[in-house]
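Residue-level structural notes
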Amino acid sequence: MREIKDIIKSYELADKAGLKTALATVVQVEGSSYRRPGARMLICENGQLTGAISGGCLEGDALRKALSAILQQENKLVTYDSTDEDDAKFGVQLGCNGIVYILFEPINREEINNPISLLKQIEEKRENAVLSTLFSLEEPQQVGTILMTKNEILQKGIADDLVEVIASDAKNTLNERSSTIKSYQVNGKSLSALHDFIEPPIALVIAGAGNDVQPLVEIAAVLGWQITVADGRQTHATVQRFPKADLVLVAKPDALLNKIEIDNRTALVLMSHNYNYDLAMLDGLLQIQTPYIGVLGPKKKLMRMLGELEIEESRNLDHVHGPVGLDIGAETAEEIAISIVSEIRAVFARRSGKTLKDKNAPIHQASPTI
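These figures come from a predicted structure and were not determined experimentally.

**What to know about the overall build of the chain**
When you go through the chain residue by residue, the secondary structure sums to 9 helices and 16 strands. A compact globule built from 370 residues should have a C-alpha radius of gyration of about 21 Å, and the chain, at 23 Å, falls within 12% of that. Counting only C-alpha atoms, the chain reaches 70 × 45 × 40 Å along its principal axes. Counting only residues that meet the buried cut, the chain has 49% of its 370 residues in that class.

Have a look at this one:
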């Protein structure tokens, strides 16, 4: 979601300056690639790039292709094949041993539901969404991003007759919470659609505003997470100390729990260094549905808290992480912040947090192609 936010912001600045832009989207990958389907990059006619479609190896050539699409005001699909030993054919060196298909769409500000407009509608509220982009590996004409599906509400960027063919698949993708690539036959033409499932950013609520919270906020901000910092001390919970937090609150535990909204993408970390404050927070959180609770400090602290709260041993506490973070040998506040952020990301991605070299499967899960 951070990438989408940055793209929207960059587009608005370019639009205000009267500059033309194009959106590049990775729509399909065969084999391995640095970025997966759904990766996006905004290209401005002055050469500014926002987002990424590779590890940096495609961006130079992508700029040229985007400028061509902008000049001709025509969607273009470009294939980058790193399985071909003649890298000079494309003027790039991918080094990933895969084929990447990238769609370039010039943005027409006069179109109400252009791709950027649909991205804005996704970013406005914390809801799951699907963005559907049609392309063809056989036909020269490329349809582009046409449909946004969000809580059964469809926002369309093209005629109804074509949308109806793919709308049910977009809804299925939304329900299954996993991106898909689907093939269609429309008016005798072979088309494919990337139904890109997009989740809201992780919302991080930190109970505590000590100095060790500052690097945690910095790192989470880089990732584009929505950050709330709260503490009972007015001297600590200030905007000046946490300028990159979205919300800074001075609140006791009961008041804090009443002020925040917790959904299935919310992580709460207790690190106030005040045992009673953390205890009251944990008590309140265990009474509501919370996907992730992290408790800073040794395991014996958490066990003591659970004992005082008279939590039954048989109760499922898999969502409670204490000590919080992955075991990376963290010592400093910055290292601890990296450990915490890594564990939260792994939990919400349903990954183990183990080293990639021990993984026998591909790093990224391929989007199902139907």
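**Details of the packing of helix 5 (residues 213-222) against helix 9 (residues 333-348)**
The N-to-C vectors of helix 5 and helix 9 enclose an angle of 45 degrees; their axes lie 8 Å apart at closest approach. The orientation of helix 5 with respect to helix 9, classified from their angle, is oblique. By crossing handedness, the relation of helix 5 to helix 9 is classed as right-handed. Residue-level contacts link Pro-215, Leu-216 and Ile-219 of helix 5 to Ala-333, Glu-334, Ala-337, Ile-338, Ile-340 and Val-341 of helix 9. The residue makeup of the contact of helix 5 with helix 9, split by class, is 8 nonpolar, no polar and 1 charged.

**Quick word on the environment of Arg-241**
Turning to its location among the elements, Arg-241 is positioned in the loop between strand 12 (226-231) and strand 13 (247-250). Sequence spacing of Arg-241 and Asn-276 is 35 residues, and the spatial spacing of their C-alpha atoms is 23 Å. For Arg-241, the residues in contact, after removing those within four places along its chain, are Ala-209, Gly-210, Asn-211, Gln-214, Thr-235 and His-236. A distance of 2.6 Å separates a polar atom in the side chain of Arg-241 from the backbone oxygen of Ala-209.

**Some remarks on the packing of helix 7 (residues 275-285) against helix 8 (residues 299-308)**
Following both chains from N to C, one finds helix 7 and helix 8 inclined at 60 degrees, their axes separated by 10 Å at the closest point. In this view, helix 7 runs oblique relative to helix 8, as classed from their interaxial angle. Of the two elements, helix 7 crosses helix 8, and the hand of that crossing is right-handed. Residues Tyr-275, Asp-278, Leu-279 and Leu-282 of helix 7 lie in contact with helix 8, whose contacting residues are Lys-301, Leu-302, Arg-304, Met-305, Leu-306 and Glu-308.

**Considering the sheet that holds strand 4 (residues 76-81)**
Read from one edge of the open sheet, 5 strands run 3-2-1-5-4, paired in antiparallel fashion. Both edges of this open sheet fall to strand 3 (49-51) and strand 4, since each of them pairs with a single strand only. When strand polarity is set aside, the average angle formed by the axes of neighbouring strands in this sheet is 25 degrees. Two strands pair when backbone bridges link them, and strand 2 (residues 40-44) and strand 3 are joined in this way by 3 bridges, in the antiparallel orientation.

**Structural notes on the sheet that holds strand 16 (residues 320-321)**
Taken in spatial order, the 6 strands make up an open sheet running 13-12-11-14-15-16, and their pairing is parallel. The open sheet terminates on both sides in strands that have one partner only, identified here as strand 13 and strand 16.

**Brief notes about helix 1 (residues 2-16)**
Given a rise of 1.5 Å per residue, 15 residues ought to cover 21 Å, and the 21 Å separating the end C-alpha atoms of helix 1 matches this to within 8%. The inward-facing, buried residues of helix 1 contact strand 1 (21-31), strand 2, strand 3, helix 3 (115-124) and strand 10 (189-198). Downstream of helix 1 by one or two residues, Gly-18 has phi in the positive range, about 75 degrees.

**Overview of the domain arrangement of the chain**
Often, the extent of an interface is quoted as the loss of accessible area on bringing the components together. Entries for the chain in the domain assignment read domain 1 (1-198) and domain 2 (203-349). Counting from both sides, the interface comprises 4 residues of domain 1 and, opposite them, 9 residues of domain 2. Approximately 540 Å² of surface area, both sides summed, lies buried where domain 1 meets domain 2, with 28% of it carried by carbon and sulfur atoms. Three residues, Arg-2, Lys-5 and Arg-126, lead the burial of domain 1 against domain 2; their summed loss comes to 87% of the area buried on that side. At the boundary of domain 1 and domain 2, one finds 1 salt bridge. Arg-126 is the partner of Asp-263 in a salt bridge, and the nearest nitrogen-oxygen pair spans 2.9 Å. The interface formed by domain 1 and domain 2 includes 4 residue pairs in polar contact (both at pLDDT 80 or more). Class assignment of the residues belonging to the side of domain 1 that touches domain 2 gives a composition of no nonpolar, no polar and 4 charged.

Rules of the game
- Residues numbered from 1 in each chain as written.
- Predicted model: local features only at pLDDT ≥ 70, side-chain atom pairs only at ≥ 80, totals over all residues.
- Heavy atoms only, no water.
- Helix = DSSP H or I, 4+ residues; strand = E, 2+ residues; numbered from the N terminus.
- Rg over C-alpha atoms; globule rule 2.2 N^0.38 Å.
- Buried < 20%, exposed > 50% of the residue type's maximum accessible area, 1.4 Å probe, protein only.
- Axes fitted to C-alpha atoms, helices over the stretch in contact; angles between N-to-C directions.
- Parallel < 35°, antiparallel > 145°, perpendicular 65-115°, else oblique.
- Left-handed = near helix turned anticlockwise from the far one by under 90°.
- Contact = heavy atoms within 4.5 Å.
- Nonpolar A, V, L, I, M, F, W, Y, C, P; charged D, E, K, R; others polar.
- Polar contact = N/O pair within 3.5 Å; in protein donor to acceptor, adjacent residues only side chain to side chain.
- Pairing = 2+ DSSP bridges.
- Expected span 1.5 Å × (residues − 1).
- Domains from an automatic or database assignment.
- Buried area = accessible area lost by both parts, 1.4 Å probe.
- Salt bridge = Lys/Arg side-chain N within 4 Å of Asp/Glu carboxyl O.

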